[in-house]
Amino acid sequence: MLELTILGFLHERPLHGYELKERIQGLSGHVRPVSDGALYPAITRLVKAGLVDSRTEPGAGAAPRRVLSLTAEGRAELLGRLRSPKEVEITDGQRWFTLLAFLGLLPDPAAQAAVLRRRQAFLQAPASFFYEDGAPVRAEREPDPFRRGMLRIARATGTEEKAWLAETLAELDRAAAEG
């Protein structure tokens, strides 16, 4: 997901490493902070793969800055990853949010809708944090108040996400039909 995030933010505009790190921190830092030990090797991999260009420019102070920009190959890679995300990017909440942050970069409403339909299908399956005899435990049957809270919060979030998905899919379907 780090590479997708890097490609996504560089699609918006060229950034130097510190700016990029701040944007990534803003998107997911409270959940999964990014360290220099993860960020800079990922940037190096993307540069070596020809997906990101790195150039040095004079800094505001004495130190030069490394400015990163997306190459044409990087744009194609980003759009391909957005069009065909891995299953874990659909099912894992934080990875889903990262994907969602850049899904608007896909120019085709039908392609956007296809990704949202995958998430919608995933959310239709009964699920829980806790199971009893193979069946999901419902909040109303959970005696522990903290686990009950987890289940209620997850239900409320899921209900709202399902409603948003239905609304957005209707909008995308209309746009695809018109365009």
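The coordinates are above.
A. Up close: the environment of Leu 169. Position of Leu 169 relative to the elements: it lies in helix α8 (residues 145–178). Exposure remark for Leu 169: the relative accessible area of 5% places this residue in the buried category. Leu 169 sits 89 residues away from Gly 80 along the chain, and the two C-alpha atoms are 20 Å apart. The contacts of Leu 169, once residues within four sequence positions are left out, are Ala 113, Leu 116, Arg 117 and Gln 120.

B. Just the environment of Leu 10, in detail. Following the sequence through the fold, Leu 10 ends up in helix α1 (residues 2–12). Distance in space between the C-alpha atoms of Leu 10 and Leu 46 is 12 Å, their sequence separation being 36 residues. With sequence-adjacent residues up to four places away left out, Leu 10 is seen in contact with Leu 15, Val 52, Leu 68, Ser 69 and Leu 70.

C. Highlighting the side chain of Ser 128. Checked against the element boundaries, Ser 128 lands in the loop between α7 (109–124) and β4 (131–132). One polar contact links the side chain of Ser 128 to the main-chain carbonyl oxygen of Phe 130, over a distance of 2.8 Å. Ignoring sequence-local partners within four residues, the contact set of Ser 128 consists of Pro 136, Val 137 and Leu 151.

D. Structural context of the side chain of Glu 142. Position of Glu 142 relative to the elements: it lies in the loop between β5 (135–136) and α8. Of the side chains bearing the opposite charge, Arg 147 lies closest to the buried Glu 142, which forms no salt bridge; the N-O distance is 4.8 Å. Of the polar contacts made by the side chain of Glu 142, one reaches the backbone nitrogen of Asp 144; its length is 3.0 Å. Once you skip the residues sitting within four places of it in the chain, Glu 142 turns out to touch Val 137, Arg 147, Arg 148 and Leu 151.

E. Broad picture of the sheet that holds strand β3 (residues 65–70). Pairing within the open sheet is antiparallel, and its three strands lie in the order β1-β3-β2. For this open sheet the edge positions go to β1 (15–16) and β2 (52–57), each flanked by a neighbour on one side alone. In the sheet, β2 pairs with β3 via six bridges, with the strands oriented antiparallel. Paired with Thr 56 across the bridge in β3 is Arg 66.

Parameters at a glance
Residues numbered from 1 in each chain as written. Predicted model: local features only at pLDDT ≥ 70, side-chain atom pairs only at ≥ 80, totals over all residues. Heavy atoms only, no water. Helix = DSSP H or I, 4+ residues; strand = E, 2+ residues; numbered from the N terminus. Buried < 20%, exposed > 50% of the residue type's maximum accessible area, 1.4 Å probe, protein only. Contact = heavy atoms within 4.5 Å. Polar contact = N/O pair within 3.5 Å; in protein donor to acceptor, adjacent residues only side chain to side chain. Lys, Arg positive; Asp, Glu negative; His and termini not counted. Salt bridge = Lys/Arg side-chain N within 4 Å of Asp/Glu carboxyl O. Pairing = 2+ DSSP bridges.

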